[in-house]
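Commentary on secondary and tertiary structure
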Amino acid sequence: MLVKISLVLLVLYVAYRWYDRFDPGKCSVAYRWYDRFDPGKCSVAYRWYDRFDPGKCSVAYRWYDRFDPGKCSVAYRWYDRFDPGKCSVAYRWYDRFDPAMVKGKHVIVTGASTGIGEQIAYHYARMGASVVVTARTEKKLQQVVKNCKEFGKGLGSSFHYVTADMERMEETKKVVDFAVDKFGGIDVLVLNHILPVAPNEWTGSSDNITLHERVFKVNFFSYVRMYSYAMPIIEKAAGRVIVMSSVTGVVNFPLLATYGSTKYAINGFFGNLQMELLSRKSPASITRCTIGLISTDNAIKFFRESKLGKNEAFVPIATPSDTALAVIKGGTLRETEVFYPVLVARFASTFPTFVSHMERFTGWLLNGE
């Protein structure tokens, strides 16, 4: 395999580099064509010439810094839109986030009785946002609200809870109406709730089908319902929707057909909605969050019960608090996608087939399976 890859890279390197016959001091690069009208300039495939300074060219997979003609962002760099003098670097983003961006916002967090949702509520409370938390267990929600009040003391925020069973579709509207009644509007909707599903083999049994339909109700259709009810209110406030997805929604794993398919559905539905919002120039935004393995009780338990557990030594595990903060930052900055842990989740999303093969390979290496 490595020999094949090396040969392919060598062929690409040679085949797409031709010497510039018109100017011996210059060589054209992969996908460059010589500019016959001006021998001093070369256009580049997937490159855009710096229109502000004819003496400079942007490089393959670079985008010109529109705010400062003297600077160019580098491969896999994205320009820091909040400060024209700074550029973020490959897989390193300049921290443009300021907690003041969140202060005074009105937020709904679903699935907030434990795990990532609970930590999201706490971070918002520390930053001065007002929060409505929802889940099925009232006692846990009461404790979360109590903690939020402690974290947000003196910041002028208010905190409330409403119990809801997301398997009952009418409860999704109840949560939205409750938040509007308390706050008068909604700035941020965090869709985080799930019906946990233990890894199970798909046999096509009636139990499989019944569980599948039930999980889809909670993990997907309730997201669609709540988004649909809340979106007109959020658009009026130029607000944000943050949707929690998973690496299992981009990579195929054994025993996760039911859970993984709900995450694929979330990515497909909300990914298309992102394009719709852009096309009609909506002031609101959607951020999809691709999350890897997080050290919540349910996640670790199910991971170890599945065939994936044999690879635990190779899988980085993030904390709920760190994950929650990354989610809030990405949503506040209106990022299209958030990946956390960054390298693992982004790599899995970019090379899903490779990750699936690696999972099989490590299983064979460790267990001969």
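So, here is what we can say about the structure in this document. (Residues numbered from 1 in each chain as written. Predicted model: local features only at pLDDT ≥ 70, side-chain atom pairs only at ≥ 80, totals over all residues. Heavy atoms only, no water.)

Quick word on the overall build of the protein
Along the backbone of the protein there are 10 helices and nine strands. When burial is assessed residue by residue, the protein has 43% of its 369 residues classed as buried. Of all intrachain contacts in the protein linking residues separated by at least 6 positions in sequence, the fraction that spans at least 24 positions is 60%. Approximately 20,000 Å² of the protein is accessible, and the part contributed by carbon and sulfur atoms is 58%. (Helix = DSSP H or I, 4+ residues; strand = E, 2+ residues; numbered from the N terminus. Buried < 20%, exposed > 50% of the residue type's maximum accessible area, 1.4 Å probe, protein only. Contact = heavy atoms within 4.5 Å. Areas by Shrake-Rupley, 256 points an atom, 1.4 Å probe, with all protein chains shown as cover.)

Focus on helix 6 (residues 257-279)
The end-to-end C-alpha separation of helix 6 is 33 Å, in line with the 33 Å expected for 23 residues at 1.5 Å each. Immediately beyond the C-terminal end of helix 6, within one or two residues, lies K281, with a positive phi of roughly 55°. (Expected span 1.5 Å × (residues − 1).)

Some details on the packing of aromatic side chains
As enumerated under the stated definition, the model contains seven aromatic pairs in all. Ring plane angle 65° and centroid distance 5.1 Å describe the contact between Y122 and F151, whose orientation is recorded as edge-to-face. Placement of the pair is Y122 in helix 2 (residues 115-126) and F151 in helix 3 (residues 138-151), with a sequence separation of 29 residues. On the numbers, 5.9 Å between centres and 90° between planes, the contact of F220 with F269 is edge-to-face. Remark: F269 occurs in helix 6 and F220 occurs in helix 5 (residues 206-236); sequence separation between them is 49 residues. Using a relative accessible area of 27% as the deciding quantity, one classes F269 as partly exposed. Put simply, the rings of F216, F220, F221, Y227, F269 and F270 pair up and form one aromatic cluster. Its end group placed over the ring of F151, R126 keeps NZ or CZ at 4.1 Å from the ring centre. (Phe/Tyr/Trp six-rings, centres within 6.5 Å; stacked < 30°, edge-to-face > 60°. Lys NZ or Arg CZ within 6 Å of the ring centre and 35° of its normal.)

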